[in-house]
Structures are given as structure tokens and as C-alpha cells.
Amino acid sequence: MLPRPSSADSASAVVELHNIYATAPVGLCCVDRDLRYLSINDRLAAMNGIAASAHVGRTLREMVPNIADEIEAVYRRVFATGRPEIDVGLTGPAPRPGETPRTYLCSYSPVCDERDQVVAVNTVVQDVTDRYAHDAALREIHQTLRQRDEFLDVVADKLPQAMLFRAINAPDGTLRFAYVSKGAEAVLGLAPERLLREPEAFIERIADEDRPSIVESMKRSIRTVSSFDRVCRIRQPDGSVQWCHIRSAHRALENGSVVCEGIMLNTTGLKAAEEALVESEARNQAILSALPDIVFLQSRDGTYLDVHPRDDPRLLLPADQFIGRNMLDVLPPELGRQLQRCFEQVATEGSAQADYTLVFGGEQRQYEARMVPCGADRILAIVRDVTESKRAHHDAERSRLELAHISRLTLLGEITASLAHELNQPLTAILANAQAARYGLTTTGNADRELDDMLHGIVDAGKRAGDVIRRVRTWLTREQFLPQDLEINQVVADVERLLHSELIMRHVQLELDLPPSLPAVSADRVQLQQVILNVALNGIDAMHERPVSDRRLLIATSRVEAGVQVAVRDRGTGIHPDHMDRLFDPFFSTKPTGLGVGLRICSSIVAAHRGRIWAENNDGPGATFYFTLPSVAQTA
Amino acid sequence: MSAPVICLIDDDAAVLKGLSRLIATWGYQVRAFASAQQFLDQPRAGDAEIGCLVLDAHMPVMSGFELQVELDQAQRELPIIFITGAGDEKLRTRALADGAVGFIEKPFEDVELREAVQAALALRRST
């Protein structure tokens, strides 16, 4: 019920007011100075539980006696002060027994006449019972959420390399962070507050090379509301690149947004460890590949677990035919047992070695196996094919023996030659004297048949001895001299090869000074080798008491007036001045076991080549032996 | 004319003494030298009465061959008969090529040396 309009002008306003009264979702009424209802809408009437028409003209106390005291005070205040009172709370009884009491929010506005006298008060009443309950529930929810975020913060703080997050992807595609733990600093190098404010900063942190694929895959997982699990590189503010593992779960909201909740982990440390592992694996692989050996991994009982390289043609059987089988079943029985004993030795002594021979590809090949423990219950067997190196060693040994044999033969020849010379002298004297005696007997006329016969016997025996010596000499010196045009440096190189093992055994360092383009010499190669070798071996002998670092032998060739010269310089004990003149005499030696023919041989050979040999003490330690040979041009 | 002088040069004292006796029994004068140098120390003026040299090829310091070269260079045309305890075909060839009149390997029969000396003296007379 509305007051009648006082003038035609306000007719439309009254209609509007009437409409408001009828449709407002709030209770409305107007009360005069006597606190009687001038008007009331149906909603407020319903709140009071009395028909609207029954209110008009009645007092508040008559209509709502339970709350009359409370509201009469407010009305009187408004009438007295002329000021409105807004949002005054009011609790009313439950409309029906068993229901919750109602809570209202009331606003009171004074209505004044032309003289500014308050003539009535308009009142708006809102039943906020439900809203209050809702707010309380909301408060509770908020509190729970806050507690949960705090819990998350606590947890997140314990994960320094992790960032927990909740992000909301709006239907328009924009993404914002609703929660970010402090780990943002460690993972992304961003303050959490900044990330909340500028979500795009996260995308900018992803390294350029990973960004397109990460953004694409993030969009896809949001679109399909599926989980996201990716590793990417993050460029830190200091420029360094760190690895980040992002995992999140997604759920859709009714309004079309998608909530992404998850964790970002800085896995750089893990990644580095993983890379170190991969690298160490690669390094092991590289070492294995570089080894000339075949490596078997076996259990302690001899079962093959692995082999490297897998497809090696040197393997007795293809890898898949023996891996998983025991060596006793795979190898020849005797070898199996030999290696089994080695395995036992590995258990007790920590390592073992075996040398064995296998017929492989119709050829006897020699192997060397070393076995070491690998972990607690496995053994690594490293097998090397030593056939070639053994052969090379054997060859070297044989050439050394041949050389020694040749040396002995030459030695024998030289001894005989020297002996022959030494014996020929007295024989010559014996013969000369005996023959002179026979002439003497004849010319003095004292011919004595018996005496002459004796002298004749001496002469005959002497001649026979001479013949024997001559035959032996002829036999020994036959075919030994085969001159050919030679490069002296080539002969020195031959000798270097022959000396090789001797130099190693005696710890002597050989230096060569071999200028190119020396004139060729006409000589017997083997004999020339003999000379250089003999002098070099003498030099090596002379240095055996020197410290290893001083044991240096120099062989130098040069062009001289007489042709070419070879110098062999040692750093040994040198030559005693008293011995200098006798060095090349037969049977002269300063070595306790020397025969005294080595240099004699050299001297004979050089002489036979029309050369010259001599020795000098060095200014420093040791001596140098020289010999010269005429060049081919000079010999011709 | 007195008997030709045969110069004997050998570093072995026993050989020197034995051969001196032997050559002397053939009626020649013998002058014995223990080294090449000793021979060179003699005045060259005596060369006229020297019939020939019986020269040991192998001697220390200066060998018979070296003495041969020396004499050749000094243009002292004395016939040389080499005697050697360690000779071979090469040395013989070389010695004869260089002008020696004989090359005899020790030990030898008296006839060998005697014939060589006679041949040397004949050569000496003819020049």
C-alpha cells in the first residue's frame, strides 16, 4: 500500500515506486512519527508473517512486538536527528519453531516535508540469514586454504631446489600463477612475487632452444587436461643454464579455466651426475675400444657374462655362442683347467696371468691372459694375442745369434790367420837355419850323411807344417771378400739394427750423425758391418760402469781426403796411453775374458779395403775409434 | 867385382838370423835390418852395390809395402823380393803390380828364394 500521490507531476514517480515496492528483492516500509506503518511491501509483510494490508495504520509494537524495543529506538533517533542509519543489524526470531533465527540488515532513511521536518522514515530490510551463513562457510574455506598454502610453503621451504605452484589457465588462454613457493628463486631465478605479478616471466626464462616445444606441449596438456612432464633448460639471470624438470597435474573448472598444480625441480646437479656417469661410461667404452686386447667379463665360476669387442674376428666362437656358458665347456679341456686355476689364484692373490697357445684358423697363436677381480663376484680377463710380438722377439733373438755365429767364425778365421803368421815366422827361421846348415856341411867338406839326413828331416817337417798352415788359411779365407759399391750410412744403419737389443739391454743411447751424399765405397758389406759392430760393442763395454744417463754412443760418418771416415765415439773409460800402440796387435786385450782378436779383425778388414784404422782418447771421457775407406772413385 | 849385396829386412830376429846364414851360404854378402826404417837410415850412396832387397811384407810401424812405395817415390830402383807369413793372392798381385820381382810365402824352401834372388840380380844387371 502506497501513499497517494500529492500532485499530478509526481504521478509517474509514484508508479515507479509502486513497482519497486512490488518487485524489490528486499523488504520495504514507511513509518510515520507515531511509528505506524504508512506502507509496506509484500516481502517485508511476509517476513513479519502478517498480510501487508493488516499493517497499514498499525504501530510497530502491534505488528512486531518481539523486536519493537530495538527498532523503535532506531526510528526515534532518525526522527530526532534527521540522519539516516545504514546497515543496522537485527536478529529476529525464527519464523517457525526449529528453524534458525533470522538475521536482517536494515537501513533507515528520513522523509522530510517542505520545512525540513522529518515526517516519515523509509526502511529497507534485507534478510541476510543465508548470506551470513555462506560468508562464514567461505571464511572457513579460506582459512583451510590459507592453512594449506602455509603447509605448502613449509613443505616447499624444505625443498630448496623445488618450486611448487598452482596456475590458472583462463579460457582465453592467459595463464596466471595463483600460488608459487619460494623455490622460484632457486629454480627460475625469479622472486615468487614477481612470478605472481608477471606470469610470462616464466616463459621467458626457458632457454630459447627449448621454449617452442615446451610452450607447445604445455598448451596441449592444458587443452587435453592431461598431466605435463618435461625437462627443459632454464637460463638464469647470471647467464648460466640449468636443468629443470616440470611436472604438473591439470583439472578443468566449470567456468572453463584449467588449474595446473605441480612442481618444478632444478635437476642440474642430477643432470651433471647423470652426464658424469654417461661420460665415464663413454670413457670406459673408449678405453675398451682402444685396447688391442679382448676383454672377457666372467663370474668367479668361469661363466662368460660379456665380451668386448663383441664381433671380434679373433674370438674362437661368436659371442652369443659362449656368453652364459662356462669356460670349462667352451675351451679345450686343458686350457679350461689352466684358467680355472688362475681364477682360484685371483681369489687368493688378487690377480693371475696365463700364457697359452691355441690353434686358430689353422695356425698356432700365442696368448697372454691377465685376470683381475671386478667387483665382489666377477673377474675381468684381458687377453692379448702375442703371436706377432713373440715372433718379432724371436726374430731379433735369431739375428743376434746369427751375428754371434758369424762373429765366432770370423774370430776363428782371424785366430787362425794370426796363428799362421806367428807360426810361419819361427818355421821360416827353422827352415832357413836347417838349410843353411846343410849348405855349410857341403861347402866345408864335412859331409856327414847322418847329420845331413837329420837336417833334411827338419826341413821336410818344417815344410809340412807350413803346408798345413797354408791349407787351413786358404780354406778359411776363401770366398769371404765380396766387394760391392756401398753407401757407408746404409751400413751404419744395418749395424744400428743389429745393435738394437744390445743397446736396450745395456741402457746405452745411440746417436747417429750421418750426413747425406757421402761418396760410395767399394767394400764387403758383412765385413764392414763387422768392423763398425766390433768397435761399437767395445764402446758399449767401456761404458758399463758409467751412470745410465752418460751411456751415449755416437757413430758419425764424414767425407775426408782419404775417402770416407767413420768415427765411433764412446763415453767410457778411455784407452791407457801404454796400450795405444798395441790396440790392433793380435792377442792383445785389456778385457779379462777378451781374446784380443776383435780389433785385430777390424784392422785386417780395414787393411784389406786399403783403409786405415786408429783410436784417440777424447777430450772428455772415453775414446773414439776412426777408420777410413777410399771411395769408389779413389779405388778405381 | 865383389859379391852382390843382398839386403834382408825382417822384424823377426830369428828369421833375420836364419835367412842371413842361408843367403850367405850361397856366396852373397848379406846386410840384415830389423825394420824398414833401419834400412832407410843407410846412406843412399850405397845403393849401387845392392843387388836386391828381401823384404818382409808385414812389419810394425812401416810395412814392406810402405817401404816399397817410399823407395819408388824416391826413385831408388832396387829389386824387391817380398817374403810374407800372411800372404794371399791379392797381396801377391798388388806387390807384383807395384814392381816387386818376387813374392814368397813363409815358410819356403831354399830353392824358391835362391831362384828369386838370382832372377832379381839378373834384372839388376840388365838395367
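Residues numbered from 1 in each chain as written. Chains lettered and ligands numbered in written order. Predicted model: local features only at pLDDT ≥ 70, side-chain atom pairs only at ≥ 80, totals over all residues. Heavy atoms only, no water.

1. Section: the packing of aromatic side chains
Residue and element names in this part refer to chain A.
Thinking step 1. Inspection of every chain in the model, using the stated rule, returns 13 aromatic pairs over all chains.
Thinking step 2. Taken together through their ring pairs, the aromatic side chains of Phe165, Phe177 and Phe202 make up a single cluster.
Thinking step 3. One residue, Arg612, lies across the ring of Trp614, its end atom 4.5 Å from the ring centre. (Phe/Tyr/Trp six-rings, centres within 6.5 Å; stacked < 30°, edge-to-face > 60°. Lys NZ or Arg CZ within 6 Å of the ring centre and 35° of its normal.)

2. Digging into empty space enclosed by the protein
Thinking step 1. Across all of its chains, the model carries two cavities of 30 Å³ or more by this definition.
Thinking step 2. As a volume, the largest cavity reaches approximately 300 Å³.
Thinking step 3. The wall of the largest cavity is formed by 21 residues, among which Phe296(A), Tyr304(A), Leu331(A), Tyr356(A) and Leu358(A) lie closest to the centre.
Thinking step 4. For the lining of the largest cavity, the secondary-structure elements that each account for two or more residues are strand S11 (294-299), helix H14 (333-349), strand S13 (352-360), strand S14 (363-374) and strand S15 (378-385) of chain A.
Thinking step 5. In this structure, the second largest cavity encloses a volume near 30 Å³.
Thinking step 6. What lines the second largest cavity is simply Asn424(A), Gly466(A), Arg470(A), Arg473(A), Gly85(B), Glu105(B), Lys106(B) and Pro107(B).
Thinking step 7. The element best represented in the lining of the second largest cavity is helix H16 (residues 449-477) of chain A, accounting for three residues.
Thinking step 8. For the lining of the second largest cavity, the residue count by class is one nonpolar, three polar and four charged. (1 Å grid on protein atoms, 1.4 Å probe; cavity = no way out; pocket = protein on both sides within 12 Å on 5 of 7 lines; lining within 4 Å. Points joined across faces, edges and corners; volume = space filled by probe spheres on them. Helix = DSSP H or I, 4+ residues; strand = E, 2+ residues; numbered from the N terminus. Nonpolar A, V, L, I, M, F, W, Y, C, P; charged D, E, K, R; others polar.)

3. Let's talk about the sheet that holds S11(A)
Residue and element names in this part refer to chain A.
Thinking step 1. Read across the open sheet, the five strands follow the order S12-S11-S15-S14-S13; overall the sheet is antiparallel. Since the sheet does not close on itself, it has two edges, and those belong to strand S12 (304-308) and S13, each with one partner. Neighbour-to-neighbour, the strand axes of the sheet open up by a mean angle of 25°, direction not taken into account.
Thinking step 2. Relative to S15, S14 is paired through eight bridges, and the arrangement is antiparallel. Bridging across to S15, Arg370 finds its partner in Ile382.
Thinking step 3. Sitting on the sheet, H14 touches S11, S13, S14 and S15, and the angle it makes with S13 is about 165°. (Pairing = 2+ DSSP bridges. Axes fitted to C-alpha atoms, helices over the stretch in contact; angles between N-to-C directions. Contact = heavy atoms within 4.5 Å.)

4. Brief notes about the pattern of salt bridges
Thinking step 1. Throughout the structure, instances matching the rule amount to 34 salt bridges over all chains.
Thinking step 2. Measuring nitrogen to oxygen at the nearest pair gives 3.1 Å for the salt bridge that ties Arg365(A) to Glu363(A). (Salt bridge = Lys/Arg side-chain N within 4 Å of Asp/Glu carboxyl O.)

5. Describing the nonpolar core
One broad trend across soluble globular proteins is that nonpolar side chains are buried collectively.
Residues and elements named next belong to chain A.
Thinking step 1. Among the nonpolar cores identified, the biggest contains 41 residues, and Leu528, Leu553, Leu583, Phe625 and Phe627 are the most heavily contacted of them.
Thinking step 2. Counting residues per element, the ones that place at least two in this core are helix H17 (488-505), strand S18 (521-524), helix H18 (525-542), strand S19 (552-560), strand S20 (563-569), helix H19 (598-608), strand S21 (612-617) and strand S22 (623-629).
Thinking step 3. Not counting residues up to four positions away in its chain, the partners in contact with Phe625 are Val535, Val566, Ala567, Val568, Ile575, Leu583, Phe584, Leu599, Trp614 and Ala615.
Thinking step 4. In this structure, Ile294, Val330, Phe343 and Val383 belong to the second largest nonpolar core, which totals 25 residues. (Core = buried A, V, L, I, M, F, W, Y, C linked by side-chain atoms within 4.5 Å. Buried < 20%, exposed > 50% of the residue type's maximum accessible area, 1.4 Å probe, protein only.)

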